[in-house]
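Okay, here's what each chain looks like letter by letter:
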Amino acid sequence: QVQFVESGGGLVQSGGSLRLTCVASGRTFSAPAMGWYRQRPGEEREFVAGIGRDAGPYYANSVLNRFAASKDNDWHTMYLQMNSLKPEDTAVYYCNGLKSYGLTDAANDYWGQGTRVTVSS
């Protein structure tokens with residue numbers, strides 16, 4: 001199965017920036033799109049951003065105009081540039097394949113360890 005490894009999290013002050021990286025490894029990764037998700041303390045995991053193999057990114061309303069998803073052409077690495085961070089962005093961030101471009105449902109039931117982002121006020 002494909003494995004997802006997230007990195008780049010850390011502690012940042014409100015208004016700051018971080019860049020997360022997701023690497024998909026294992027058997028050939030063939031999902032049509034990849035997504036970023038996050039799980040805030042005490043809450044369910046939620047969709048943050050998606051990007052297609054041959055299509056542009058789309059975002060949850062809560063991060064629109066602050067976060068930017070991008071990818072490498074090899075389709076194994078994805079990034080999430082997070083700007084103007086807010087305390088409510090504090091969460092563990094995960095990546096996964098998406099069932100289809102434009103949707104928010106993860107393609108796989110398994111997840112990586114995630115990377116923790118903490119935004120102080």
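Residues numbered from 1 in each chain as written. Predicted model: local features only at pLDDT ≥ 70, side-chain atom pairs only at ≥ 80, totals over all residues. Heavy atoms only, no water.

## So, the overall build of the chain
The line we're drawing: Only DSSP runs of H or I with at least four residues qualify as helices, and only runs of E with at least two residues qualify as strands; both kinds are numbered from the N terminus onward. We take the radius of gyration over the C-alpha atoms and set the globule estimate at 2.2 Å times the residue count to the 0.38 power. Per-residue accessibility, obtained with a 1.4 Å probe over protein chains only, is compared with the maximum for each type, and a residue is labelled buried under 20%, exposed over 50%, and partly exposed between these values. The accessible surface values rely on the Shrake-Rupley method and a 1.4 Å probe; as for residues, cover is taken only from the protein chains in view. In this charge count, Lys and Arg are treated as positive and Asp and Glu as negative; neither His nor the chain ends contribute. One atom stands in for each charge, and that atom is NZ of Lys, CZ of Arg, CG of Asp or CD of Glu.
Within the chain, the regular secondary structure consists of zero helices and ten strands. The order of helices and strands in the chain, counted from the N terminus, is β-β-β-β-β-β-β-β-β-β. The C-alpha atoms of the chain give 13 Å as radius of gyration, which agrees with the globular expectation for 121 residues (14 Å, within 12%). The principal-axis extent of the C-alpha atoms belonging to the chain is close to 40 × 25 × 25 Å. The 121 residues of the chain split such that 45% are buried. By element, 44% of the accessible surface of the chain is carried by carbon and sulfur atoms, the whole surface being about 6100 Å². Charge centroids of the chain, computed over 11 positive and 11 negative side chains, lie 2 Å from each other.

## Description of the sheet that holds strand β1 (residues 3–7)
In a beta sheet, neighbouring strands are held together by backbone hydrogen bonds and run either parallel or antiparallel to one another. Formally: At least two bridges found by DSSP between two strands are what make those strands a pair. Under this scheme, a helix contributes an axis fitted over its contacting stretch, all axes are lines through C-alpha atoms, and angles between N-to-C directions fall in the 0 to 180 degree range.
The strand order across the open sheet built from four strands is β1-β3-β8-β7, with neighbouring strands paired in antiparallel fashion. Of all strands in the sheet, those with a lone pairing partner are β1 and β7 (67–71), marking the two edges. The sheet shows a mean angle of 15° between the axes of neighbouring strands, taken without regard to direction. Bridge count for strand β3 (residues 18–25) against strand β8 (residues 77–82) is six bridges, and the pairing is antiparallel. By the bridge assignment for β8, T21 is matched with Y79.

## Overview of the sheet that holds strand β4 (residues 33–39)
Pairing in this open sheet of six strands is mixed, and the strands run β2-β10-β9-β4-β5-β6 from one edge to the other. Only two strands of the sheet have a single partner each, and these edge strands are β2 (10–13) and β6 (58–59). Inspection of the sheet shows strand β5 (residues 45–52) paired to β6 by two bridges, in the antiparallel sense. Each residue of the ladder has a partner; that of A49, found in β6, is Y59.

## As for unusual backbone geometry
Located in the positive-phi region is N65, a residue other than glycine, with phi close to 70°. Within the secondary structure, N65 sits in the loop between β6 and β7. Here W75, not a glycine, exhibits a phi torsion of approximately 65°, which is positive. Looking at the secondary structure, you find W75 in the loop between β7 and β8.

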